[in-house]
Amino acid sequence: MAPDPRALNPKASQETLISLLQLDPKPIDNASLHDKDLPPLPEEAWQSSNPNTKSPPVASTSSLGLSGSGRGPIFYLTRIQRYSSYTFSFFAGLHLANTSVFPLIYQSVPYSEPFLLMARELYQSPVTETLLVGLPVVAHVTSGIAIRLLRRRQNLKRYGGATPGMWALHHSSSSSLNHRHSVRIWPPLNYISASGFAFVGLLASHVGINRILPLVVDGDSSNIGLQFVSHGFARHPLPPWIAYSLLLSVGVGHMVWGFAKWFDLAPPANWKKITVEKQLRKRRRRAWWGVNGVAVALMALWAAGGLGVVAIAGPAEGWLATVYDNIYSAVGH
């Protein structure tokens, strides 16, 4: 009887091992599932329940970590990220009314300025500015970064160097020309995450110009209002148009999609690739168009008052123009 050729060819079994390990380990992009940590590894569960025992027992189907549940750091970080966005939205709503809705109604910057000054009594005191703007933004950004780092750490534990054959998988993926099957340790960077990181930079520059710079140059920011923005557009139109257009598009898009995700109204990030069933695909397409429609409508509203009225109102006059010139000159604008 001739020997089985498969028994003499160890390469096939090695390829089988590698192919079995080529599952792409990335977290499910769903807000409701991101609240939970991954279940603990078997040795972690055993060590936590038996701290004085060094060796864990033989793993069974009930100790594989597939049925574990608990509220770890990601659960609480997700709630910090969620409720901090609600707090900041109160300020964003006031800012939308003062910088867009009232200028759009009155078609005049001087008539709209008093509404901005009155709103400042609510959110520019040392206490309320910290509670409504500063702390929510810091909590939202840091919790989001922490969640990504914890997800990466969990992926490394489950798919990192301790997994049998993972070194060979990494080696084969890095040495081959085709990287489609490479292991992804970092969580996927979807639109909400990417726009959030971009929004942080744009928001920081906006706060720096309109809030911090006047304090540094003039020692006071009480004179800063809609006319300050109009004066900046009148001095050099192109940089403010680019900056405010990016701030509106990225910021509004991030906030609208973020809220849609919190309330489970947004489809998954890669819904076009993972949705096969026809009716589900149709519902997700409608949801995608609906969320984008709301984002575009809100962008248009904000731009109509902010860019359509405030940006073209012209420069300030008198002593106020001198104050604004000194502030803008400090940054070469």
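Residues numbered from 1 in each chain as written. Predicted model: local features only at pLDDT ≥ 70, side-chain atom pairs only at ≥ 80, totals over all residues. Heavy atoms only, no water.

Visitor: Sorry if this is basic, but what is going on with the environment of N223 here?
Guide: Tracing the backbone shows N223 in the loop between α7 (191–217) and α8 (226–235). Not counting residues up to four positions away in its chain, the partners in contact with N223 are D218, W319, L320 and Y324. (Helix = DSSP H or I, 4+ residues; strand = E, 2+ residues; numbered from the N terminus. Contact = heavy atoms within 4.5 Å.)

Visitor: Which parts of the structure should I look at to understand the packing of α8 against helix α12 (residues 319–329)?
Guide: The angle between the axes and the distance between the axes are what describe a pair of packed helices. Where α8 meets α12, the closest approach of the two axes is 10 Å, and the angle between their N-to-C directions is 65 degrees. By the criterion of interaxial angle, the relationship of α8 to α12 is roughly perpendicular. For the crossing formed where α8 meets α12, the hand is right-handed. Here Q227, F228, V229, H231, G232 and R235 of α8 lie close against α12, whose contacting residues are L320, A321, Y324, D325, I327, Y328 and S329. Considered class by class, the residues forming the contact of α8 with α12 number 7 nonpolar, 4 polar and 2 charged. (Axes fitted to C-alpha atoms, helices over the stretch in contact; angles between N-to-C directions. Parallel < 35°, antiparallel > 145°, perpendicular 65-115°, else oblique. Left-handed = near helix turned anticlockwise from the far one by under 90°. Nonpolar A, V, L, I, M, F, W, Y, C, P; charged D, E, K, R; others polar.)

Visitor: For this particular structure, what's the right way to read the packing of helix α9 (residues 238–262) against helix α11 (residues 278–310)?
Guide: With their axes 9 Å apart at the nearest point, α9 and α11 run at an angle of 145 degrees to one another. Once α9 is placed against α11, the crossing between them reads as right-handed. Touching W241, Y244, S245, L248, S249, V252, G253, V256, W257 and A260 of α9 are W288, V291, N292, V294, A295, L298, M299, W302, A303 and L307, all from α11. Among the residues making up the contact of α9 with α11, the classes are represented as 16 nonpolar, 4 polar and no charged.

Visitor: Could you clarify how one ought to interpret the nonpolar core in this entry?
Guide: Generally speaking, a soluble globular protein has its nonpolar side chains buried in company with each other. By size, the foremost hydrophobic cluster in this structure holds 31 residues, and its most contacted members are F88, Y123, F233 and L307. If you list the elements that add at least two residues to this core, you get α3 (73–106), α4 (109–123), α5 (126–159), α7, α8, α9 and α11. The dominant element in this core, judged by the number of residues it contributes, is α9, at 8 residues. In this structure F88 touches L132, V133, P136, V137, L203 and M255, once residues within four positions along its chain are discounted. In this structure, L213, A316, L320 and Y324 belong to the second largest nonpolar core, which totals 10 residues. (Core = buried A, V, L, I, M, F, W, Y, C linked by side-chain atoms within 4.5 Å. Buried < 20%, exposed > 50% of the residue type's maximum accessible area, 1.4 Å probe, protein only.)

Visitor: When you look at the packing of aromatic side chains in this model, what are you seeing that I'm missing?
Guide: Here the structure, examined in full by the defined rule, presents 15 aromatic pairs. Centre to centre, the rings of Y86 and F263 are 6.2 Å apart; their planes meet at 20 degrees, and the pair counts as stacked. Of this pair, Y86 sits in helix α3 while F263 sits in the loop between α9 and α10 (271–274), and the two are 177 residues apart along the sequence. Ring geometry for Y191 against W257: centres 6.5 Å apart, planes inclined by 70 degrees, an arrangement best described as edge-to-face. (Phe/Tyr/Trp six-rings, centres within 6.5 Å; stacked < 30°, edge-to-face > 60°.)

Visitor: Any chance you could explain the pattern of salt bridges here in plain terms?
Guide: Scanning the model with the defined rule gives 2 salt bridges in all. Note that E129 is salt-bridged to R211, the shortest N-O span being 2.8 Å. Highlighted residues: E129 in helix α5 and R211 in helix α7, separated in sequence by 82 residues. Owing to a relative accessible area of 22%, E129 belongs among the partly exposed residues under this scheme. Across the pair D325 and R235 runs a salt bridge, and its minimum N-O distance is 2.6 Å. Here D325 is found in helix α12, whereas its partner R235 is found in helix α8, with 90 residues between them in sequence. You can call D325 partly exposed: its relative accessible area is 26%. Taking relative accessible area as the criterion, R235 reaches 26% and is therefore assigned partly exposed. (Salt bridge = Lys/Arg side-chain N within 4 Å of Asp/Glu carboxyl O.)

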